[in-house]
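One-letter residues, chain by chain:
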Amino acid sequence: MVNSENTNQNNKLYYQQNLPNQMVTAVIVLNEKLRIQYVNPAAEALLIKSFNKLSDKTLKTVFFNNPINEIRLNQLLTSGQEFSDSDVILEFFDRRKITVEITASSVDFDKSPHILLEFKQIDQQKQISVEAFQQQQWESARDLIKGLAHEIKNPLGGLRGAAQLLNKELETDQQEYTEMIIEQADRLTNLVDRLLGPNQLPNVSAQNIHVVLEKVAQLTNFIKPENVTIIKDYDPSIPDITFDPDKLQQAILNIVNNAIQVIGPDGNITLKTRATSNKTINGKRIKLAMQLSIIDNGPGIPEKIQNTLFYPMVSGRANGTGLGLSISQTLINQHQGKLSCISQPGHTEFIIILPITEATKS
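The structure reproduced in this document is the subject of the present report.

1. Regarding the environment of Val216
- Tracing the backbone shows Val216 in helix α7 (residues 209-223).
- Val216 gets classed as buried once you look at its relative accessible area, which sits at 1%.
- Sequence-wise, Val216 and Val256 are 40 residues apart; in three dimensions their C-alpha atoms are separated by 8.5 Å.
- When neighbours within four sequence positions are excluded, Val216 is seen to be in contact with Gln249, Ile252, Leu253 and Val256.

Listed below in structure tokens is the structure:
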């Protein structure tokens, strides 16, 4: 009986000593002066700093913003009443941002009150939820626009036909009016067709993604200003993937052309490919995928339109039609892929993820 109790006690002590280093939850311990006394490996990974660099530092020296008010922490030391916050943005001095849930509780070490902070990163779960909502909203907007577009095209066709008949009955000096009607009807029909987006399904086959990127780079060199540089950062280990080269080229060109129009002098556009794993596309887990990043160092996309960036007629430029990115989104969706964007001043990155199937790997 005594041996059993000793074994249990040893096991308990062993796990108490080793468990913090195995936890995926980031743990930070502050003393009564609110200085860091301990961080577990998960916290070191989250903060991208070792314990030696964090030891005895305050949270103000770790985070650019102030995620937890010191008044609340001092109240916790005196009252012992723990608290939790969700959707807290941690911003670092390199402007990196992550979203976490924070739990703060009071603990005693060496008969002295300390604060135990637990950080659970929720960016991925939140991103999946946001992407699902945005996908649903985008599909609803597409359906609405398609319905409106068809309703517009029918009377436009009748209007154009009537103008053509009338044009035959008028004198030459009066035909300029009917010709203007026909010209504007054709212009509106063309706009409606662009709003409807690509309606033909992709003609796919297994190919090398870098062949398409080389064509994009070649075409871009003809239209870009001389001071804009195209940088290629390819992963040659990526196997052939299944896609329609013409449609994928159009999707990528739309994004690159947008970047050319907004980046300033000496701007850079990077075409970067990587093999990646365990990605989520429209709620479906993909084991292996190709990730293409189109990165520019321009001014960034206005924050107010970032959530609706891929909707038709949404543009950050005064003279933009807002159709290019919507068409790119449609084309990538037709490939069972995902198009997303992260943007801040100096770094805008459009990310295309396409699945690598077993058939294309073999």
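2. Some thoughts on a negative patch on the surface
- Where like charges cluster on the molecular surface, the negative patch consists of Glu171, Asp173, Glu176 and Glu179.
- With respect to the helices, strands and loops of the structure, Glu171 is situated in the loop between α5 (123-169) and α6 (175-196).
- Overall, Glu171 belongs to the exposed group, its relative accessible area being 54%.

3. Re the packing of aromatic side chains
- Counted according to the given criterion, the structure contains three aromatic pairs.
- Aromatic side chains Phe63 and Phe119 sit 6.4 Å apart centroid to centroid with 40° between the ring planes, which places their arrangement in the tilted category. A residue pair is termed long-range when its members are at least 10 positions apart, and Phe63 in the loop between α3 (51-54) and α4 (70-79) and Phe119 in strand β5 (residues 112-121) qualify at 56 residues.
- On the basis of an interplanar angle of 90° and a centroid distance of 5.8 Å, the ring pair of Phe64 and Phe93 is categorised as edge-to-face. One end of the pair, Phe64, is in the loop between α3 and α4; the other, Phe93, is in the loop between β3 (83-91) and β4 (97-109), with 29 residues separating them in the sequence.
- Assessed through its relative accessible area of 39%, Phe64 is described here as partly exposed.
- Put simply, the rings of Phe63, Phe92 and Phe119 touch in pairs and so form one group of aromatic residues.
- Geometry around Phe92 places Arg96 over its ring, the cationic atom sitting 3.9 Å from the centre.

4. Regarding the pattern of salt bridges
- The final tally for this structure, using the stated rule, is five salt bridges.
- Across the salt bridge formed by Glu214 and Lys232, the nearest N and O atoms sit 3.1 Å from each other. Of this pair, Glu214 sits in helix α7 while Lys232 is found in strand β7 (residues 229-233), placing the two residues 18 residues apart along the sequence.
- In this structure, the salt-bridge partner of Arg274 is Asp233, at a minimum N-O distance of 3.1 Å.

5. Points about the nonpolar core
- In this structure, Ile252, Val256, Ile269, Met290, Ile294, Phe350 and Ile352 are the most contacted members of the largest nonpolar core, which totals 38 residues.
- Residue assignment for this core shows that the elements contributing at least two residues are α7, β8 (241-243), α8 (245-262), β9 (268-281), β10 (284-296), α9 (324-334) and β12 (347-355).
- Counting residues per element, this core draws most heavily on α8, which supplies eight residues.
- Membership of the second largest hydrophobic core comes to 29 residues, among which are Val39, Leu47, Leu77 and Phe92.

6. Quick word on the sheet that holds strand β1 (residues 26-30)
- Overall, antiparallel pairing links the five strands, which are arranged β2-β1-β5-β4-β3 in an open sheet. Of all strands in the sheet, those bounded by a partner on one side alone are β2 (36-39) and β3. Shown here is a sheet whose adjacent strand axes are inclined to one another by a mean of 30°, direction ignored.
- One ladder, built from five bridges, connects β1 with β5; its direction is antiparallel. What sits directly across from Ile28, in β5, is Leu117.
- Strand contacts of α4: β1, β3, β4 and β5, with the helix running at about 130° to β5, the strand carrying the most contacts.

Cut-offs applied
- Residues numbered from 1 in each chain as written.
- Predicted model: local features only at pLDDT ≥ 70, side-chain atom pairs only at ≥ 80, totals over all residues.
- Heavy atoms only, no water.
- Helix = DSSP H or I, 4+ residues; strand = E, 2+ residues; numbered from the N terminus.
- Buried < 20%, exposed > 50% of the residue type's maximum accessible area, 1.4 Å probe, protein only.
- Contact = heavy atoms within 4.5 Å.
- Patch = residues over 30% accessible without salt bridge, like charges linked within 9 Å, V, L, I, M, F, W, Y side chains within 5 Å.
- Areas by Shrake-Rupley, 256 points an atom, 1.4 Å probe, with all protein chains shown as cover.
- Salt bridge = Lys/Arg side-chain N within 4 Å of Asp/Glu carboxyl O.
- Lys, Arg positive; Asp, Glu negative; His and termini not counted.
- Charge placed at Lys NZ, Arg CZ, Asp CG, Glu CD.
- Phe/Tyr/Trp six-rings, centres within 6.5 Å; stacked < 30°, edge-to-face > 60°.
- Lys NZ or Arg CZ within 6 Å of the ring centre and 35° of its normal.
- Core = buried A, V, L, I, M, F, W, Y, C linked by side-chain atoms within 4.5 Å.
- Pairing = 2+ DSSP bridges.
- Axes fitted to C-alpha atoms, helices over the stretch in contact; angles between N-to-C directions.

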